[in-house]
Amino acid sequence: QVQLVESGGGLVQAGGSLRLACAASGFDASAWAMGWFRQAPGKEHEWVATLDRSGRRTYYASSVKGRFTASRDDANNAVYLQMNNLKPEDTAVYYCARKFNTGTDYGDTTAFGSWGQGTRVTVSS
């Protein structure tokens with residue numbers, strides 16, 4: 001079955017870095033657009049980044065652009081989110097998700113049909 005498992009979350013001070021991983025199984029992640037979202041306590045899911053299925057382009061939310069980098073490792077069927085210069089407002093549970101193989105809206109949660117369980121990131125001030 002399709003499965004996504006996030007890892008790499010933790011506690012870090014503001015200005016620090018974390019690298020999140022999303023291990024995919026049951027499908028070839030290189031053939032699908034893959035996204036990162038986050039959800040702070042009591043808030044709705046917020047789009048973070050999406051890698052398109054061609055692997056040529058990556059899209060970022062303005063709140064993380066210049067600080068976060070999403071990437072793929074096709075040999076390991078995994079996607080990653082390198083987070084630098086973390087801020088307290090980055091505190092959230094981070095999810096990776098597989099986009100439906102239609103459309104071009106890379107920032108809408110409804111465009112993603114498979115989700116991991118999330119990994120928690122806490123940034124202290």
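Residues numbered from 1 in each chain as written. Predicted model: local features only at pLDDT ≥ 70, side-chain atom pairs only at ≥ 80, totals over all residues. Heavy atoms only, no water.

Let us now look at the overall build of the chain. The secondary structure content of the chain amounts to zero helices and 11 strands. Taken from N to C terminus, the helices and strands of the chain fall in the order β-β-β-β-β-β-β-β-β-β-β. In terms of C-alpha radius of gyration, the chain reaches 13 Å, essentially the compact-globule figure of 14 Å for 125 residues. Reported as C-alpha extents along the three principal axes, the dimensions of the chain are approximately 40 × 25 × 25 Å. In the chain, buried positions account for 42% of the 125 residues. Nonlocal contacts in the chain, meaning residues at least 24 apart in sequence, comprise 57% of its contacts between residues at least 6 apart. Element-wise, carbon and sulfur atoms account for 45% of the exposed surface of the chain, whose accessible area totals about 6400 Å². Taking the 13 positively charged and 11 negatively charged side chains of the chain as two groups, their mean positions are separated by 3 Å. (Helix = DSSP H or I, 4+ residues; strand = E, 2+ residues; numbered from the N terminus. Rg over C-alpha atoms; globule rule 2.2 N^0.38 Å. Buried < 20%, exposed > 50% of the residue type's maximum accessible area, 1.4 Å probe, protein only. Contact = heavy atoms within 4.5 Å. Areas by Shrake-Rupley, 256 points an atom, 1.4 Å probe, with all protein chains shown as cover. Lys, Arg positive; Asp, Glu negative; His and termini not counted. Charge placed at Lys NZ, Arg CZ, Asp CG, Glu CD.)

Position of glutamine 3 relative to the elements: it lies in strand 1 (residues 3–7). Assessed through its relative accessible area of 38%, glutamine 3 is described here as partly exposed. Considering only alpha carbons, one finds glutamine 3 and serine 30, 27 residues apart in sequence, at a separation of 14 Å. In contact with glutamine 3, other than residues within four places in its own chain, are Ala23, Ala24, Ser25 and Phe27.

Inspection of every chain in the model, using the stated rule, returns six aromatic pairs. Taking 6.3 Å as the distance between ring centres and 90° as the angle between the ring planes, the aromatic pair formed by phenylalanine 27 and tryptophan 32 counts as edge-to-face. Relative accessible area serves as the criterion here: at 12%, phenylalanine 27 is assigned to the buried category. Relative to tryptophan 115, the ring of phenylalanine 37 has its centre 4.9 Å away and its plane inclined at 50°; by these criteria the two rings are tilted. (Phe/Tyr/Trp six-rings, centres within 6.5 Å; stacked < 30°, edge-to-face > 60°.)

A separate point is the sheet that holds strand 8 (residues 78–83). Ordered in space as 1-3-8-7, the four strands form an open sheet in which the pairing is antiparallel. Looking at strand neighbours, the two that pair on one side only are strand 1 and strand 7 (68–73), the edges of this open sheet. Averaged over all neighbouring strand pairs, the angle between strand axes comes to 15°, with direction disregarded. In the sheet, strand 7 pairs with strand 8 via six bridges, with the strands oriented antiparallel. From the neighbouring strand, aspartate 73 faces strand 8, where its bridge partner is alanine 78. (Pairing = 2+ DSSP bridges. Axes fitted to C-alpha atoms, helices over the stretch in contact; angles between N-to-C directions.)

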